[in-house]
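These are the residues of each chain, in order.
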Amino acid sequence: MDISIIIPLFNEKESLPELVSWIDRVMNANHYSYEVIMVDDGSTDGSWKTILELKEKFPAIKGIQFRRNYGKSAALYCGFKKAEGDVVFTMDADLQDSPDELPQMYRMIKEQDFDIVSGWKQHRKDNALTKNLPSKLYNATARAITGIKLHDMNCGLKAYRKEVVKSIEVYGEMHRYIPYLAKNAGYTHIGEKPVHHEKRKYGKSKFGMNRFVNGFLDLLSLWFLSTFGKKPMHFFGYSGIFMFLVGFVMTIWIIVAKLVHQANNMVYRAVTDQPLFYLALVAVILGVMLFLAGFVGELISRSSSERNNYNIKAEL
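1. Concerning the nonpolar core
- Ranked by size, the top nonpolar core spans 36 residues in total, and within it Ile 5, Ile 7, Ile 23, Met 27 and Phe 89 carry the most contacts.
- Elements that contribute at least two residues to this core include exactly strand 1 (3–9), helix 1 (16–29), strand 2 (34–40), helix 2 (47–57), strand 4 (87–90) and helix 4 (102–111).
- A total of seven residues in this core trace back to one element, the largest contributor, which is helix 1.
- Aside from chain neighbours lying at most four places away, what touches Ile 7 is Leu 19, Ile 23, Val 36, Ile 37, Met 38, Val 39, Met 91, Asp 92 and Ala 93.
- Tyr 138, Met 153, Tyr 160 and Tyr 180 belong to the second-largest nonpolar core, a separate cluster that totals 32 residues.

2. Examining the packing of aromatic side chains
- Within the structure shown, the criterion is met by five aromatic pairs.
- Both rings, one in Tyr 32 and one in Tyr 106, keep their centres 4.7 Å apart while their planes meet at 50 degrees; by these two values the pair is tilted. Of this pair, Tyr 32 sits in the loop between helix 1 and strand 2 while Tyr 106 is found in helix 4, placing the two residues 74 residues apart along the sequence.
- Between the aromatic rings of Phe 235 and Phe 236, the centroid separation amounts to 5.1 Å while the plane-to-plane angle is 85 degrees, which identifies the pairing as edge-to-face.
- Using a relative accessible area of 30% as the deciding quantity, one classes Phe 235 as partly exposed.

3. Looking at unusual backbone geometry
- We note that His 31 has phi near 60 degrees; this positive angle belongs to a residue other than glycine.
- A residue is classified by how much of its surface remains accessible, and His 31, at 70% relative accessible area, is exposed.
- Within the chain, Leu 95 stands out as a residue other than glycine whose phi angle is a positive 70 degrees.
- Within the secondary structure layout, Leu 95 lies in the loop between strand 4 and helix 4.

4. Topic: the confidence of the model for the protein
- Put simply, the protein has an average pLDDT of 86, and 90% of its residues get 70 or more.
- Least confident of the elements in the protein is helix 8 (residues 210–228), whose mean pLDDT is 73; most confident is strand 4, at 97.

5. Digging into the side chain of Ser 118
- Structurally, Ser 118 is set in strand 5 (residues 116–120).
- Ignoring any residue separated from it by four or fewer positions in sequence, one finds Ser 118 in contact with Met 105, Leu 150, Asp 152, Leu 157, Lys 158, Gly 191, Glu 192 and Lys 193.

6. Notes on the pairing of strand 4
- In strand 4, alternate side chains face the same way, and those of Val 87 and Phe 89 on one face and Val 88 and Thr 90 on the other are all buried.
- Judged from the four bridges that link them, strand 1 and strand 4 form a sheet pairing that is parallel. Across the sheet, residue Ile 5 finds its bridge partner in strand 4, namely Phe 89.
- Both strand 4 and strand 6 (residues 158–161) contribute to a ladder of four bridges, which runs antiparallel. Directly across from Thr 90, in strand 6, lies its bridge partner Lys 158.

Rules used in this analysis
Residues numbered from 1 in each chain as written. Predicted model: local features only at pLDDT ≥ 70, side-chain atom pairs only at ≥ 80, totals over all residues. Heavy atoms only, no water. Core = buried A, V, L, I, M, F, W, Y, C linked by side-chain atoms within 4.5 Å. Buried < 20%, exposed > 50% of the residue type's maximum accessible area, 1.4 Å probe, protein only. Helix = DSSP H or I, 4+ residues; strand = E, 2+ residues; numbered from the N terminus. Contact = heavy atoms within 4.5 Å. Phe/Tyr/Trp six-rings, centres within 6.5 Å; stacked < 30°, edge-to-face > 60°. pLDDT = per-residue confidence, 0-100. Pairing = 2+ DSSP bridges.

This is the structure in structure tokens:
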């Protein structure tokens, strides 16, 4: 099979018939064999019934229905497991992603040997204040932390080589950072294609401003896990040693200063009367606690069943 198209959806009943017809038209025009995997993420508007009706007209449709709303990452995870196409696409169900972009993205994967091709909505049709500006700040931060030079990390329209989606695990709200997950798994040939962004035709957006704050926190979590997940002592150990040394130096400074004042018959305060003493004490305690946290983290990491899981590209 040439193409798998995964469409997570939540209460998008009105847009599904038009979207499926559009996809079918593009696929037939380019003579691609394809499947459309629709993942109903706990919709309450009858979206699943619409999917069943569309299945009768379009045999390429496959469906997964969640009992409740689990989120986009869960929907993509299940879709990736079910996908059989050589190239796997993800796109939103709200008609803002154009299926006309799929053939060129498919060729970029097959002919230019990209692992991932991410869409770039250069000219967004969203509100500039609530969507465009926060999105630019968010993507600038993502580029700085991940090292992946994508202008629109959060774009729902992406193409993947099949082995990429079979080698990564999407969980929580990490769907925003699938390119980063893929990069950490060794798939580093990541491209970008400017895509046309349609204005929402039906319903309203299911994402609020909180997704940018959540996205930033998720990015920090992912960066930390990918950098120190298998070597926690490198973070907690160094931090602990640094804090301990800071507290130790401050303590020596206080003691030496007191002795110097005593030797020269100068007025001095008792060590325990100085605020700096308590700051030094806190620094020493934090240093010890951080070091112990790293030690415990190492014990957990070394007992993990996935500690020796590696993606092997080739073997003779």
